Amino acid sequence: MDSGAILTELPRLRRYARALVRDRAAADDLVQDTLERAWSRVAQWRPGSDLRAWLFGIMHNLRVDQLRRPGLNTVPIDDEDLAVPIRATQGDRLELSDLESALARLPEEQRGVLLLVALEDMTYDQVAGALGIPVGTVMSRLARGRERLRLILEGSSPSVNLRVVR
Amino acid sequence: MTKLPLSEADLQAWVDGQLPESRRAEVDAYLAARPGEAERLSAYRAQRDALRQHFDPLLDETLPARLRQLAEKPPIAVDPQKRPLLERWSLQRIAAGLLIALLGGAAGWLGHGQYQGDERVAQMTPLPRQAAIAHVVYSPDVRRPVEVTADQEDQLVKWLSKRLGTPVSPPKLGALGYELIGGRLLPGNTGPVAQFMYHDGSGQRLTLYVSTEDTVSRDTGFRFAKEGPVNVFYWVDGKFGYALSAGIDKGELARVATAVYDQLEHK
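Residues numbered from 1 in each chain as written. Chains lettered and ligands numbered in written order. Predicted model: local features only at pLDDT ≥ 70, side-chain atom pairs only at ≥ 80, totals over all residues. Heavy atoms only, no water.

Undergrad: Looking at this structure, how should I read the sheet that holds strand E3 (residues 192-199) of chain B?
TA: Paired through their backbone hydrogen bonds, the strands of a sheet run either parallel or antiparallel. Residues and elements named next belong to chain B. The strand order across the open sheet built from 7 strands is E1-E2-E3-E4-E7-E6-E5, with neighbouring strands paired in antiparallel fashion. The sheet is open, and its two borders are formed by strand E1 (148-149) and strand E5 (223-227), each paired with just one other strand. Here 2 bridges tie E1 to strand E2 (residues 179-187), and the two strands are oriented antiparallel to one another. Bridge assignment links Thr149 to a residue of E2, and that residue is Gly182. (Pairing = 2+ DSSP bridges. Helix = DSSP H or I, 4+ residues; strand = E, 2+ residues; numbered from the N terminus.)

Undergrad: Looking at this model, I keep getting lost on the packing of aromatic side chains. Mind explaining?
TA: The description of two aromatic rings rests on the distance between their centres and on the angle between their planes. All names here are of chain B. Under the counting rule described, the total for this entry stands at 9 aromatic pairs over all chains. Relative to Tyr261, the ring of Phe222 has its centre 5.6 Å away and its plane inclined at 70 degrees; by these criteria the two rings are edge-to-face. Note that Phe222 is positioned in the loop between strand E4 (205-211) and E5 and Tyr261 in helix H9 (residues 250-265), a separation of 39 residues in sequence. Exposure remark for Tyr261: the relative accessible area of 28% places this residue in the partly exposed category. Their ring planes at 50 degrees and their centres at 5.2 Å tell us that Phe224 and Phe233 sit as a pair that is tilted. With a relative accessible area of 29%, Phe224 lands in the partly exposed category. Members of the aromatic cluster, connected to one another through ring pairs, are Phe222, Phe224, Phe233, Trp235, Phe240, Tyr242 and Tyr261. A cation sits over an aromatic face here: Arg184 above Tyr138, 3.7 Å from the ring centre. (Phe/Tyr/Trp six-rings, centres within 6.5 Å; stacked < 30°, edge-to-face > 60°. Buried < 20%, exposed > 50% of the residue type's maximum accessible area, 1.4 Å probe, protein only. Lys NZ or Arg CZ within 6 Å of the ring centre and 35° of its normal.)

Undergrad: Mind showing me how you'd approach the nonpolar core here?
TA: Where a protein is soluble and globular, its nonpolar side chains tend to be buried together. Counting 61 residues, the largest nonpolar core has A:Leu35, A:Leu103, A:Leu114, A:Leu115, A:Val127 and B:Leu51 as its most contacted members. Here this core takes 9 residues from helix H1 (residues 3-21) of chain A, the largest share from any one element. For A:Leu115, the residues in contact, after removing those within four places along its chain, are A:Tyr16, A:Ala19, A:Leu20, A:Leu103, A:Glu120 and B:Leu51. (Core = buried A, V, L, I, M, F, W, Y, C linked by side-chain atoms within 4.5 Å. Contact = heavy atoms within 4.5 Å.)

Undergrad: What should I look at first to understand the pattern of salt bridges in this one?
TA: Two side chains that carry opposite charge are able to pair once their charged atoms sit near each other. All names here are of chain B. For the structure shown, the criterion picks out 27 salt bridges over all chains. For Glu8, the salt bridge identified is with Arg40, shortest N-O distance 3.0 Å. A residue pair is termed long-range when its members are at least 10 positions apart, and Glu8 in helix H1 (residues 8-16) and Arg40 in helix H3 (residues 35-55) qualify at 32 residues. For Glu8, a relative accessible area of 30% translates into the label partly exposed. As a salt-bridge pair, Arg48 and Asp16 come within 2.4 Å of each other at their nearest N and O atoms. (Salt bridge = Lys/Arg side-chain N within 4 Å of Asp/Glu carboxyl O.)

Undergrad: Explain unusual backbone geometry to me, please; I cannot follow it from the model alone.
TA: If a residue is not glycine, its phi is most likely negative; likewise, a peptide bond is most likely trans. Residues and elements named next belong to chain A. For Arg22, which is not glycine, the phi torsion reads 75 degrees and is therefore positive. When you line up the elements, Arg22 lands in the loop between H1 and helix H2 (24-40). Using a relative accessible area of 31% as the deciding quantity, one classes Arg22 as partly exposed. A positive phi angle, near 60 degrees, is found at Asp121, a position not held by glycine. Along the chain, the position of Asp121 falls in the loop between helix H5 (108-118) and helix H6 (124-131). On the accessibility criterion, Asp121 (44% relative accessible area) is partly exposed.

Undergrad: Would you mind showing me how to read the packing of H1(B) against helix H2 (residues 21-32) of chain B here?
TA: For any two helices packed against each other, one specifies the crossing angle of their axes together with the interaxial distance. Residue and element names in this part refer to chain B. Axis separation between H1 and H2 bottoms out at 10 Å; the angle between their running directions is 105 degrees. Comparing the axis directions of H1 and H2 gives the class roughly perpendicular. From H1, Asp10, Leu11 and Trp14 reach across to H2, where they touch Arg23, Arg24, Val27, Asp28, Tyr30 and Leu31. (Axes fitted to C-alpha atoms, helices over the stretch in contact; angles between N-to-C directions. Parallel < 35°, antiparallel > 145°, perpendicular 65-115°, else oblique.)

Undergrad: Just to check I follow, could you spell out the pairing of E2(B) for this structure?
TA: Two faces belong to every sheet, and in a regular strand the side chains alternate between them. Residue and element names in this part refer to chain B. Most of E2 sits out of view: 7 of its 9 residues are buried. Of the pairings in the sheet, the one linking E2 to E3 comprises 8 bridges and is antiparallel in character. Its bridge partner lying in E3, Arg184 is registered against Gln195. With antiparallel pairing between neighbouring strands as the criterion, E2 and E3 make up a hairpin whose turn holds 4 residues.

Undergrad: What's the story with the interface of chain A and chain B in this structure? I'm lost.
TA: Interface size is commonly expressed as the accessible surface area that is lost when the partners come together. Each partner contributes to the interface: chain A provides 38 residues, whereas chain B provides 33 residues. On the chain A side of the interface with chain B, the three residues burying the most area are A:Arg15, A:Trp39 and A:Arg146, jointly 19% of the side's total. A salt bridge links B:Asp16 to A:Arg146; its shortest N-O distance comes to 2.6 Å. The interface formed by chain A and chain B holds 19 residue pairs in polar contact (both at pLDDT 80 or more) in total. Broken down by secondary-structure element, the contributors of at least two residues to the side of chain A that touches chain B are H1, H2, helix H4 (98-104), H5 and helix H7 (135-153) of chain A. If one sorts the elements of the side of chain A that touches chain B by residue count, H1(A) sits on top with 10 residues. (Buried area = accessible area lost by both parts, 1.4 Å probe. Polar contact = N/O pair within 3.5 Å; in protein donor to acceptor, adjacent residues only side chain to side chain.)

Undergrad: Looking at this structure, I do not really get helix H8 (residues 153-164) of chain B. What am I missing?
TA: The periodicity of an α-helix, 3.6 residues per turn, causes residues three or four places apart in sequence to face the same way. Residue and element names in this part refer to chain B. With 12 residues, H8 should cover 16 Å at 1.5 Å per step; its first-to-last C-alpha distance of 16 Å lies within 8% of that length. Every buried residue belonging to H8 is among Leu156, Leu160, Ser161 and Leu164, and all of these are buried. The arc that holds every buried residue of H8, seen down its axis, measures 120 degrees, which confines them to one face. Facing away from the buried surface of H8 by more than 90 degrees, the exposed residues are Asp154, Gln155, Lys158 and Lys162. Looking at the buried positions of H8, the neighbouring elements they touch are E1, E2, E3 and E4. (Expected span 1.5 Å × (residues − 1). Arc of directions from axis to C-beta.)

Written as structure tokens, this is what we have:
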């Protein structure tokens with residue numbers, strides 16, 4: 001692989017990681033892990049294929065691994081399952097950015113898809129390829145993520161994606 | 001030509017400009033008749049713009065050097081300059097782990113022997129051993145060896161003195177080439193004890209363990225104990241027990257211990 005090829009993608013990887021995990025240090029750690037894993041699997045990359053999608057896919061898988069490794073057993077609750085308490089929003093205006101905090105309130109799977117489409121300008125097929133999910137799933141996550149973000153930004157406070165400790 | 005009904009996926013594709021041109025007009029017509037839907041989709045487009053406006057500046061940020069290097073070339077498995085240091089660190093850690101296990105075992109065994117006699121004594125770990133364990137636990141820590149660093153020495157002294165219930169302060173060992181890193185509060189046998197950490201120019205670390213628990217012992221002269229790779233000089237002075245620990249040779253440690261003793265004596 002051309003040694004500059006990955007470097008070219010680095011700014012985008014960082015931007016995506018920061019939008020995805022928000023915390024600056026954690027985001028750069030995620031990028032670092034992505035680069036390390038990419039080099040360790042560079043033989044699996046088919047020359048001529050989409051390097052960016054490959055790298056984002058690696059980052060996605062690492063992130064999934066991270067999220068599967070919480071200290072407690074958790075079960076995601078779907079919006080429709082329960083009327084969950086609405087989080088306090090009094091301090092929200094103190095947030096550095098309303099957009100970032102709104103984004104952080106999306107379920108990670110919706111946030112990831114939304115960012116790949118809206119920020120990274122990937123086609124739906126590219127997103128499906130990078131994340132290893134069907135295009136139909138990309139579309140439903142995108143639609144739900146956008147609608148939820150709209151409601152949050154409009155202050156309608158849709159129910160929050162809480163997790164129940166088993 | 002029959003027109004397929006518009007789906008939500010089509011509307012999303014319209015937002016992203018990924019809809020085939022042939023269908024774009026259909027969506028435009030659909031939206032023209034439905035102001036609510038038009039508003040919703042325009043909010044989605046606004047999200048796109050807002051996200052880019054917010055996160056695009058990150059693209060122009062200076063890349064951290066570690067990431068740039070890692071992006072340019074694979075991490076080198078064997079770095080001839082770094083490898084020995086890493087190995088040394090890992091060896092030290094293994095040694096520290098072994099020592100803790102050994103000391104723990106020894107303390108357990110001693111406790112077992114004394115348990116028949118006096119339960120209170122059985123729970124007491126001797127001063128040099130406590131100090132050696134504290135030394136091997138904290139001194140290899142690269143990032144957080146101390147709780148309060150030397151640049152807040154005033155607060156460190158105030159805090160530890162308050163917690164130990166008597167004034168304590170770290171001796172100055174600059175003349176011997178050892179500079180204070182900072183200190184921490186630790187649990188001793190029955191209550192709080194203090195640890196001060198120093199290092200020299202080569203990174204060699206040395207800890208001074210200060211305990212006020214040993215009220216029964218009378219003053220002692222210097223005593224020397226060797227706990228695995230750690231040499232410990234310790235002595236009891238009034239209500240204080242002191243133990244100076246380091247992985248340096250006995251002669252050098254004695255020299256530092258003497259200086260510490262002199263300073264504490266004449267303060």
